[in-house]
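Chain residues, written in single-letter form:
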Amino acid sequence: MIPSYKQNDADFPMLGYGTWDIRGALAVEMVGAALDAGYRHIDTAQYYDNEKEVGQAIQLSSVAREEIFLTTKVRQDRIGKADFLSSTEQSLEDLGLDYADLLLIHWPNRDIPLEESLESLQKAKDKGWAKHIGVSNFPIALLKQCLAAGIEVFTNQVEYHPFLDQSKLLGFMREHNISLTAYSPIAQGKVIGNATIKAIADKYDKHETQITLRWLMQQNCIAIPRTGKVRNLKANMEIFDFELSAEEMEQITALGSAEGRLVNPGNGPDWD
């Protein structure tokens, strides 16, 4: 049973299935397999070009819609007033759903006023198209603007793994009751073979991936690992039968630095 992050009136499953770069028939297969395995949090985005397949898998599943927490994200080039709502409506049509549980601004856009994007995001929620709203790839400076605008930011989805120090951002978000959803939580596979993580994994008879996901869970972070293999779906869930010690948590955290960022496009924000 995957635990939930309790926030206001929502139960946000702490372990989800990320679908970045999972498209076509594979997306239908893997989302279906994730739901069969017990996942109830599915993450997609307009940019992933798989909303139709994710929606198809949800329609084919025996899991009731109200039991699934579905996140999608509005593309960086569609967060302006002219495109935001129409693109969100198209997402719902592609997904075959009446609403998303969580709708995020995928990336901030320097060429579009943030106030304009936030106003449209709130309108999408007011229309009932999203139960909750939030952002992705937002540093502290932009989160402060969201809070000043009165936006109830449910989560900030950011890159977070043992090699990237996000302590400053995480501290700010905790102060303001904003959950952190970690994408690339296993550093795109780079945790595998790391000496520190492997030594801890050997102690618990676990895999480095499992140790890393457990490290995130014990920080009260949500994680959305991506995989194209059914066996990994099941393995990623086997992280709730042990607990890392405070010393082990510190050893893993000490691996992080500001230079550990893997996702850093030229049109990204100024990171903390």
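## Examining the pairing of strand S1 (residues 4-7)
Here is step 1: Because side chains alternate across S1, one face comprises the buried residues Tyr5 and Gln7, and the other comprises Ser4 and Lys6, none of which is buried.
Here is step 2: Of the pairings in the sheet, the one linking S1 to strand S2 (residues 10-13) comprises four bridges and is antiparallel in character. Note that in S2 the partner of serine 4 across the bridge is proline 13.
Here is step 3: In this structure, the hairpin formed by S1 and S2 is closed by a connection of two residues, where asparagine 8 is found at a positive phi of approximately 50°.

## Considerations on helix H10 (residues 246-253)
Here is step 1: The set of residues buried in H10 consists of Glu248, Met249 and Ile252. Buried residues of H10, viewed axially, fall in a sector of 100°; they line one side. With respect to the buried face of H10, the exposed residues turned more than 90 degrees away are Ala246, Glu247 and Glu250.
Here is step 2: Summarising the contacts, the buried residues of H10 are in contact with helix H7 (195-204) and helix H8 (208-217).

## As for the packing of H7 against H8
Here is step 1: Running from N to C, H7 and H8 point in directions that differ by 95°, and their axes come no closer than 8 Å. Judged by the angle between their axes, H7 and H8 are roughly perpendicular. Here Ile197, Lys198, Ile200, Ala201 and Tyr204 of H7 come into contact with H8, specifically with Glu208, Ile211 and Thr212.
Here is step 2: Its residues assigned to classes, the contact of H7 with H8 shows five nonpolar, one polar and two charged.

## Describing the nonpolar core
The nonpolar side chains of soluble globular proteins are, as a tendency, buried together.
Here is step 1: Core analysis: the biggest nonpolar cluster contains 83 residues, and Tyr17 and Ile42 have the highest contact counts within it.
Here is step 2: With seven residues, helix H1 (residues 24-37) is the largest single contributor of residues to this core.

## Here's the deal with the state of the cysteines
Structurally, a disulfide amounts to a covalent bond that connects the sulfur atoms of two cysteines.
Here is step 1: Across all of its chains, the model carries zero disulfides by this definition.
Here is step 2: This cysteine, cysteine 146, is not joined by any disulfide, and cysteine 221 carries the nearest cysteine sulfur, 18 Å off.
Here is step 3: On the basis of relative accessible area, cysteine 146 is assigned to the buried category, the value being 0%.
Here is step 4: Cysteine 221 gets classed as buried once you look at its relative accessible area, which sits at 1%.

Calculation rules
Residues numbered from 1 in each chain as written. Predicted model: local features only at pLDDT ≥ 70, side-chain atom pairs only at ≥ 80, totals over all residues. Heavy atoms only, no water. Buried < 20%, exposed > 50% of the residue type's maximum accessible area, 1.4 Å probe, protein only. Helix = DSSP H or I, 4+ residues; strand = E, 2+ residues; numbered from the N terminus. Pairing = 2+ DSSP bridges. Arc of directions from axis to C-beta. Contact = heavy atoms within 4.5 Å. Axes fitted to C-alpha atoms, helices over the stretch in contact; angles between N-to-C directions. Parallel < 35°, antiparallel > 145°, perpendicular 65-115°, else oblique. Nonpolar A, V, L, I, M, F, W, Y, C, P; charged D, E, K, R; others polar. Core = buried A, V, L, I, M, F, W, Y, C linked by side-chain atoms within 4.5 Å. Disulfide = S-S within 2.5 Å.

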